[in-house]
Amino acid sequence: MRYVIVSVVHGEAGDFNNNLRKELFRNFKAKSSKLHAHFTIKAPFEYDDGITDLNNVLDEFIKVEKAEPFTIDGYDHFNDRVIFMKVNMSKEAKEVHDRLIDKMNEIPYVKFDRKDGKNKTFHVTLASKNLKSIYDKVWDYIHRYNCEFKCSFDNITIYKWEEGTWKLYKEFRLS
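What you see is a predicted model; the values in this text were computed from it and never measured.

Considering all chains together, one arrives at 15 salt bridges under this definition. In this structure, the salt-bridge partner of D80 is K132, at a minimum N-O distance of 3.6 Å. In this pair, D80 sits in the loop between β3 (68-78) and β4 (82-89) while K132 sits in the loop between β5 (123-127) and α4 (135-142), placing the two residues 52 residues apart along the sequence. Judged by relative accessible area, which is 25%, D80 ranks as partly exposed. Using a relative accessible area of 59% as the deciding quantity, one classes K132 as exposed. Each of the salt bridges in this network shares a partner with another, and the network as a whole consists of D154, E171 and R173.

Ranked by size, the top nonpolar core spans 52 residues in total, and within it L54, I72, F153 and I156 carry the most contacts. Apart from residues lying up to four places away in sequence, I72 is in contact with V9, A13, M85, K86, V87, V124, C147, E148, F149 and C151.

Let's shift gears to empty space enclosed by the protein. Remark: the empty space left among the atoms is shown by a probe the size of a water molecule rolled over them. Inspection of the entire model under this criterion finds one cavity of 30 Å³ or more. Taken as a whole, the largest cavity encloses approximately 40 Å³ of empty space. Contributing to the lining of the largest cavity are N17, R21, S32, S33, H36, A37, H38, V124 and T125. Going through the elements one at a time, α1 (11-28) and β5 are the ones with two or more residues in the lining of the largest cavity.

Strands pair in a sheet through their backbones, by hydrogen bonds, and they do so in one of two ways: parallel or antiparallel. Read across the sheet, four strands follow the order β5-β4-β3-β6 without closing on themselves; strand pairing throughout is antiparallel. With partners counted over all chains shown, the strands left at the sheet margins are β5 and β6 (148-153), one partner each. Neighbour-to-neighbour, the strand axes of the sheet open up by a mean angle of 35°, direction not taken into account. Alignment of β3 against β4, held across seven bridges, turns out to be antiparallel. Of the residues in β4, the one forming a bridge with Y75 is M85. Of the strands in this sheet, β3, β4 and β5 are in contact with α4, which crosses β3 at around 140°.

Attention shifts here to the pairing of β4. Of all eight residues that make up β4, six are buried, and the element is covered over most of its length. Linking β3 back to β4 in an antiparallel pair, the connection comprises three residues, with N79 at a positive phi of about 50°.

On to the sheet that holds strand β7 (residues 155-162). Sheet architecture is open: four strands sit in the order β2-β1-β7-β8, paired in antiparallel fashion. Whereas interior strands pair on both sides, the edge strands pair on one side only; in this sheet they are β2 (38-46) and β8 (165-173). Here the average twist between neighbouring strands, direction ignored, is 20°. Taken together, the four bridges between strand β1 (residues 2-8) and β7 define a ladder with antiparallel strand orientation. Paired with V4 across the two strands is Y159, which belongs to β7. Docked against the sheet, helix α2 (residues 52-64) engages β1, β2, β7 and β8, running at close to 40° with respect to β8. The sheet contacts of helix α3 (residues 91-104) involve β1, β2 and β7, and relative to β2 the element is tilted by about 10°.

Parameters at a glance
Residues numbered from 1 in each chain as written. Predicted model: local features only at pLDDT ≥ 70, side-chain atom pairs only at ≥ 80, totals over all residues. Heavy atoms only, no water. Salt bridge = Lys/Arg side-chain N within 4 Å of Asp/Glu carboxyl O. Helix = DSSP H or I, 4+ residues; strand = E, 2+ residues; numbered from the N terminus. Buried < 20%, exposed > 50% of the residue type's maximum accessible area, 1.4 Å probe, protein only. Core = buried A, V, L, I, M, F, W, Y, C linked by side-chain atoms within 4.5 Å. Contact = heavy atoms within 4.5 Å. 1 Å grid on protein atoms, 1.4 Å probe; cavity = no way out; pocket = protein on both sides within 12 Å on 5 of 7 lines; lining within 4 Å. Points joined across faces, edges and corners; volume = space filled by probe spheres on them. Pairing = 2+ DSSP bridges. Axes fitted to C-alpha atoms, helices over the stretch in contact; angles between N-to-C directions.

The quantities given are spatial measurements derived from coordinates; they are silent on function.
In structure tokens, the structure reads:
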């Protein structure tokens, strides 16, 4: 089975991202993730046995940790491949994230690399597929919209790849 672990961005920022991604697809055919607005905690990974130990680790984690704030402030990009909303983690949110990575690192089948470990570039993707030829148009277009939001790192959400799409497996809520 294939899984991905993210933190879903709720509220105004999440709605903004979801709507702008639809607009970018409608206007430019710029594609993005099939997931709701999110930042990635652990990139997709394969594991064919049950993930009970991962569930247990996350259940325990949310009992001792609490939600912490972050902001979204403007846009950025990875070359001409990905355009995203910039996530600025508060010191407290980054510390919760890093403790989460440490806990998840104890699970043998969860392996982090530089793209999804402690030192990742936190971001909420707007466009990431078939972007190269339309990059400049999309980049100019998004700047019509102000992108400043107060958010909360308040969930750890696992999705499972089934029937050609990501389906919610389980959401863990930080208090």
